[in-house]
Amino acid sequence: MNTFLLQLRRHPLAILGLAILFFWILAAFLGPSVVPFSYTEMDMGYQMTAPGEGGHLLGTDDLGRDVFSRIIYGSRSILTVALMTSLFSSIAGILIGFTAGYFGGVVDTVFLRIMDILMAIPPLVLAMVVLGILGNSTILSLTIIVSIAYTPPTARVARGALLTCKNMEYVDAARIRGESHLYIMFVEILPNTIGPVIVEVTARFAYSIVMIASLGFLGVGLQPPTPDWGMMVIENKSIIRAAPWTVLYPSLAIASLVIAISLFSDFVGKVLIHEQ
Amino acid sequence: MVVTLVAMSFLIFFLVEIMPGDVAQTVLGQAATEEAVAALRDAMGLNDPLLVRYFRWFGGFVRGDLGESLYMRGVQINTIFWRKVGHSVVLAFTALLFYVPLSILFGVLAGVKAGKAADSIISFIGLATMALPEFVSGIILITIFSVSLDILPIASLIPIGQTLGQNLNILVLPALSITFVMFGYVSRMQRSSMIGVMNSDYVRAATLKGMPRLYVIFRHALKNALLPTITIIGMNMGWLFGGLIVVETLFGFPGLGSLTMSAIKTRDVPLIEACVLFITFVFVVSTFITDLMYAFLNPRIRFAGGDQ
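Note that the structure is a prediction, hence the values are computed from the model and not measured.

1. Things to note about the overall build of chain A
Here is step 1 of the chain: Per the secondary structure count, chain A includes 11 helices and zero strands.
Here is step 2 of the chain: Element order for chain A, N to C, with α for helix and β for strand: α-α-α-α-α-α-α-α-α-α-α.
Here is step 3 of the chain: Residue pairs in contact within chain A that sit at least 24 positions apart in sequence constitute 70% of those at least 6 positions apart.

What follows is the structure in structure tokens.
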């Protein structure tokens, strides 16, 4: 942990990324109680107000809803879903990838075949089709579908990481000691492969944000009136000439969050891969 | 590859078919009588077992018959599908023309100047643009070029009666949005392979012989450093087609992506199946071709560059 902090000091961009990420986490927790307007409140007489007027920091949309408040509210759903999906797909990926890599043989062959097939559909297309047909996405259905779409690539990384350690002497030692397969996989091997796995989880976090924002943008994400960044962009796209702020600021919110996580995950990758 | 494709087609078919919602009911509307729905189900062959329907669909697909659209009754999917695919292909290649030279050039620059200020700036820009969803970079581009400067159209619509060829300016912003995303991937790959090659013995030998630096970089080093880049460009071709959905939706570009989107919105099952299978097909085939190309190019690398 100490070396981690020391490394962090040498990467100002990673610090910047962390700072932005903390800002959004804070916004998600405290934001809704401090924003000036509720996300559904329509301020009549202030439709499509430019930023700064009538107490609307970032202006209002065509219904008179405060863009700033909606962005702050919107940080909740996207962070929640992204965090859960990167967690779930990582856990599922590790379980599946480890099982396949550890037992090898037929199990592994079948696993690789299935993963090949699943990975042939771009995750966004898969999620979009399923959510689109199911309709009325909720936080739960969004989490489940995106997690499933992201499990195959994570499983592949986990399998690859396990294979590098599988034939190490400490694994043999554990086997000779008579430890169970589960013990060997998760107590002996997992801690030694944690580097690539953590890199994968942080990268997956950034991808999840992109995916959720894109799904919202395509209209198959969370349903109105829940404020969703991606949805705000497509909802207001038709008034971009008259009120560019309604589209630009949600876009910038997505951009800042995604870039922040990428900067951090890039740093994590550099540190953890170099250590090995 | 063929196995993957067939398995894929079954998966897609299965996925779309098990979804809730009665197709016949959707076609006839909520007011339809039960008898009418049952009759239509029968006429459409929806009462047959899943496997029978799958083989009928897949058989048609292999023969090039994509079936009939549900939403636009009586319209053969073939008549609209390929024109849209053509538009998407033009868009994809326009994007390719933008981002390939650009990312290779900057990737080489970053690789040669590794660790210097130029490298940090290029790498940061690459990391940032790569991370952004396509529609976010698209919105930023629209705000600059359409709203502020007003030199390019916001929506990529082709007026009725005209072709894409008469409206080439609508390609620019969608292609640039794709360039944003791809630039990061390709320039990163180019950078790291360039660093590897620049540290190799034969490049050092060429430099020590007193050859001009630019000559060494472009004639000796780049030749070998291009291989991983070509691979990543090829691998991303399939991904690009998936990414087109977002870009095309943002700009209203009349291609495969917006067709897929509208098919999903209207629950047009045969059209969804056709679109998704085609996107997957491009994805699988481009991965396959990339593998072949890699094998094809590899002996030359061994020949020219020594052991890698």
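2. Quick word on the packing of helix 9 (residues 201–208) of chain B against helix 10 (residues 213–251) of chain B
All names here are of chain B.
Here is step 1 of the chain: Axis separation between helix 9 and helix 10 bottoms out at 10 Å; the angle between their running directions is 150 degrees. The pairing of helix 9 with helix 10 is recorded here as roughly antiparallel in orientation. Both helix 9 and helix 10 take part in a crossing whose hand is right-handed. Here helix 9 contributes Tyr202, Val203, Ala206 and Thr207 to the contact with helix 10, which in turn contributes Val216, His220 and Ala221.
Here is step 2 of the chain: A class-by-class count of the residues in the contact of helix 9 with helix 10 yields five nonpolar, two polar and no charged.

3. Some remarks on the environment of Thr164 of chain A
All names here are of chain A.
Here is step 1 of the chain: The residue Thr164 is located in helix 6 (residues 139–166) in this model.
Here is step 2 of the chain: Residue class for Thr164 comes out partly exposed when judged on the 14 C-beta atoms lying within 10 Å of it.
Here is step 3 of the chain: Note: C-alpha distance between Thr164 and Arg113 (51 residues apart in sequence) is 21 Å.

4. Considering the environment of Val3 of chain B
Here is step 1 of the chain: Among the structural elements, Val3 of chain B can be located in helix 1 (residues 2–17).
Here is step 2 of the chain: Once the C-alpha coordinates of Val3 of chain B and Ile104 of chain B are considered, the two residues, 101 residues apart in sequence, prove to be 35 Å apart.

5. With respect to the nonpolar core
Here is step 1 of the chain: Counting residues in each nonpolar core, the largest one holds 155 residues, and the members touching the most others are Ala127, Met128, Ile209, Ile212 and Val258 of chain A together with Cys275 of chain B.
Here is step 2 of the chain: Per-element accounting of this core gives the leading share, 17 residues, to helix 11 (residues 245–275) of chain A.

6. Quick word on the packing of helix 5 (residues 77–112) of chain B against helix 6 (residues 117–131) of chain B
All names here are of chain B.
Here is step 1 of the chain: The geometry of helix 5 relative to helix 6 is characterised by a closest axis approach of 8 Å and an angle of 140 degrees between their N-to-C directions. Judged on the interaxial angle alone, helix 6 and helix 5 are oblique. Every pair of crossing elements has a handedness; the one defined by helix 5 and helix 6 is left-handed. Residue-level contacts link Phe106, Leu109 and Ala110 of helix 5 to Ala118, Asp119, Ile122 and Ser123 of helix 6.
Here is step 2 of the chain: Broken down by class, the residue content of the contact of helix 5 with helix 6 amounts to five nonpolar, one polar and one charged.

7. So, the interface of chain A and chain B
How big an interface is tends to be stated in terms of the accessible area lost upon association of its parts.
Here is step 1 of the chain: Listed per partner, the contact involves 34 residues of chain A and 35 residues of chain B.
Here is step 2 of the chain: The biggest single contributor to the side of chain A that touches chain B is helix 11 of chain A, with 10 residues.

8. With respect to the confidence of the model for chain A
Here is step 1 of the chain: Averaged over every residue, the pLDDT of chain A is 82; residues scoring 70 or more account for 92%.
Here is step 2 of the chain: Taken element by element, the predicted model of chain A shows its lowest mean pLDDT in helix 1 (residues 2–9) of chain A (73) and its highest in helix 3 (residues 67–103) of chain A (87).

9. Things to note about helix 6 of chain B
Here is step 1 of the chain: Helix length check: helix 6 of chain B, at 15 residues, gives a terminal C-alpha distance of 21 Å against a target of 21 Å (1.5 Å per residue), a fit within 8%.
Here is step 2 of the chain: For helix 6 of chain B, every residue scored as buried is listed here: Ile122, Ser123, Gly126, Thr129, Met130 and Ala131 of chain B.

10. Some remarks on helix 2 (residues 12–34) of chain A
Here is step 1 of the chain: At Ala28 of chain A, helix 2 of chain A is deflected by roughly 50 degrees, the largest bend along its length, and proline Pro32 of chain A occurs up to four residues later in sequence.
Here is step 2 of the chain: Where helix 2 of chain A is concerned, the buried positions are Ala14, Gly17, Trp24 and Ala27 of chain A.

Calculation notes
Residues numbered from 1 in each chain as written. Chains lettered and ligands numbered in written order. Predicted model: local features only at pLDDT ≥ 70, side-chain atom pairs only at ≥ 80, totals over all residues. Helix = DSSP H or I, 4+ residues; strand = E, 2+ residues; numbered from the N terminus. Contact = placed C-beta atoms within 7 Å. Axes fitted to C-alpha atoms, helices over the stretch in contact; angles between N-to-C directions. Parallel < 35°, antiparallel > 145°, perpendicular 65-115°, else oblique. Left-handed = near helix turned anticlockwise from the far one by under 90°. Nonpolar A, V, L, I, M, F, W, Y, C, P; charged D, E, K, R; others polar. Buried ≥ 20, exposed ≤ 12 C-beta atoms within 10 Å, placed from the backbone. Core = buried A, V, L, I, M, F, W, Y, C linked by C-beta atoms within 7 Å. pLDDT = per-residue confidence, 0-100. Expected span 1.5 Å × (residues − 1). Bend = angle between axes of the 7 residues up to and from the residue.

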